[in-house]
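For reference, the chains in residue letters:
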Amino acid sequence: MPNLQSVLDEIAHDMASASERGAVARYIPELAKVDPARFGLAVLTEDGTLHTAGDADEPFSIQSVSKVFTLTLALGQVGDILWNRVGREPSGNPFNSIVQLEYEHGIPRNPLINAGALVVTDVLLSGYKPREAIGLILSFMRGLADDDSVFIDEKVARSEEETGFGNRALANYMKAFGNIRHAVEWTTGVYFHQCAIAMSCRQLAVAASFLAGEGKHLLTGNRIVSRERARRINAVMLTCGHYDGSGDFAFRVGIPGKSGVGGGIMAVVPGKASIAVWSPGLNKVGNSLLGSLALERLAKAMDWSIFAP
Ligand SMILES: NC(=O)CC[C@H](N)C(=O)O
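Reading guide: rules and limits
Residues numbered from 1 in each chain as written. Predicted model: local features only at pLDDT ≥ 70, side-chain atom pairs only at ≥ 80, totals over all residues. Helix = DSSP H or I, 4+ residues; strand = E, 2+ residues; numbered from the N terminus. Expected span 1.5 Å × (residues − 1). Buried ≥ 20, exposed ≤ 12 C-beta atoms within 10 Å, placed from the backbone. Contact = placed C-beta atoms within 7 Å. Pairing = 2+ DSSP bridges. Axes fitted to C-alpha atoms, helices over the stretch in contact; angles between N-to-C directions. Near = placed C-beta within 6 Å. Domains from an automatic or database assignment. Parallel < 35°, antiparallel > 145°, perpendicular 65-115°, else oblique. Left-handed = near helix turned anticlockwise from the far one by under 90°. Nonpolar A, V, L, I, M, F, W, Y, C, P; charged D, E, K, R; others polar.

**Brief notes about helix α11 (residues 227–240)**
(1) Moving on: Its 14 residues give α11 an end-to-end C-alpha distance of 20 Å, which sits within 8% of 20 Å, the value for a rise of 1.5 Å per residue.
(2) Moving on: Taken as a whole, α11 has its buried residues at Arg229, Ala230, Ile233, Asn234, Val236, Met237, Leu238 and Cys240.
(3) Moving on: In this structure, the buried side of α11 is in contact with α2 (66–78), α10 (209–212), α12 (246–252), β6 (257–259) and β7 (264–269).

**With respect to the sheet that holds strand β8 (residues 273–278)**
(1) Moving on: Spatial strand order, β2-β1-β8-β7-β6: 5 strands in an open sheet with antiparallel pairing. Of all the strands in the sheet, just β2 (50–54) and β6 have a single pairing partner and so form its edges. Strand-to-strand twist of the sheet, defined as the mean angle between neighbouring strand axes without regard to direction, takes the value 10°.
(2) Moving on: Where strand β1 (residues 40–45) lies against β2, 5 bridges are found, and the strand directions are antiparallel. Note that in β2 the partner of Ala42 across the bridge is Thr52.
(3) Moving on: Packed onto the sheet, helix α1 (residues 4–16) meets β1 and β2 and runs at close to 20° relative to β2.
(4) Moving on: Each of β1, β6, β7 and β8 touches helix α13 (residues 289–302); the most contacted strand, β8, lies at about 145° to it.

**Brief notes about the pairing of β1**
(1) Moving on: Buried residues dominate β1, accounting for 5 of its 6 residues.
(2) Moving on: As consecutive antiparallel partners, β1 and β2 are separated by 4 residues, and within that stretch Gly48 has a phi angle of approximately 85°, a positive value.
(3) Moving on: Where β1 and β8 come together, 6 bridges link them in antiparallel fashion. Note on β8: the bridge partner recorded for Gly40 is Trp278.

**What about the site of the ligand?**
(1) Moving on: For the ligand, the full set of nearby residues is Gln63, Ser64, Phe95, Asn96, Asn114, Glu160, Asn167, Cys195, Gly260, Val261 and Gly286.
(2) Moving on: Among the domains, domain 1 (4–60 + 199–302) and domain 2 (64–197) are the pair contributing at least three residues each to the shell around the ligand.

**Focus: the packing of helix α6 (residues 154–163) against helix α8 (residues 184–195)**
(1) Moving on: Contact geometry for α6 and α8: axes closest at 8 Å, N-to-C directions at 140°. Between α6 and α8, the angle is such that the two are oblique. Regarding α6 and α8, the two cross each other, and that crossing is right-handed. Contacts from Ala157, Glu160 and Glu161 of α6 reach α8 at Phe192, His193 and Cys195.
(2) Moving on: For the contact of α6 with α8, the per-class residue count stands at 3 nonpolar, 1 polar and 2 charged.

**Looking at the environment of Gly247**
(1) Moving on: For Gly247, the position within the fold is in helix α12.
(2) Moving on: Under the C-beta neighbour-count criterion, Gly247 is labelled exposed, with 12 such atoms within 10 Å.
(3) Moving on: For the pair Gly247 and Ile152, spaced 95 residues apart in sequence, the C-alpha to C-alpha distance is 31 Å.

This is the structure we're talking about:
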């Protein structure tokens, strides 16, 4: 087996000089300001060793990667009845699509597209004020990252608040079917804040580690979810974590992962490692271009695809 640190160093070195870097997300103005030259990579292995390369300590906007964590929290709060309000099939559509919602009576295809994540966030609001729900999500992230410096970038939250008409449309439309239970402004407000959480690759790799450890956090040893729940969340990430690029990601990389329009991708090699990569430029379906390439190279070098162990 090749030396993991050398593999990471080589990947970071090559990515630094890549000329085709994709395009940063422009529809959230604050994200458009991020330097596309940044690249970070972090891997936590099952023995608790952390390896990093490039800008692995630079916080970035985790955006949709947050959807995995709110899903984990919501399942913890209400259990499997969550699946009455959101499905677990790939959508085959862009992350912000509204088209299927009419045919499928306001039940989103899965919790990792915007519509599904809004339902999950709405579940987290039960019994809480928006500020409390945001606090709950942030402290969950800090605990998982084992780092209290994880923060919400208020500028990003505001930027999305000011331009989030599509997300409000999704929430309003689902509310018409009774699948959003709180005021649309509450649900979208919490959602914009969870997306605006800023974390580094190092923090994100540590936070994801419970999904690599059969539900147990690889650094702290804390049990976060049951083995079965970790397995199921990984399955949803594999099939839905890259929106309409999920099939291609499984084909090329072969591990569960979740991307965000901030250019981050969190990925999990069950039983072996948790990974976070960040490169702000996106491909056509909104996933980090170089992040996906880096993961493809890493999984190949380490023989980590779950389909050919
Ligand atoms: N794919 C993403 O990361 C999308 C998240 C973004 N906050 C949105 O709602 O549009």
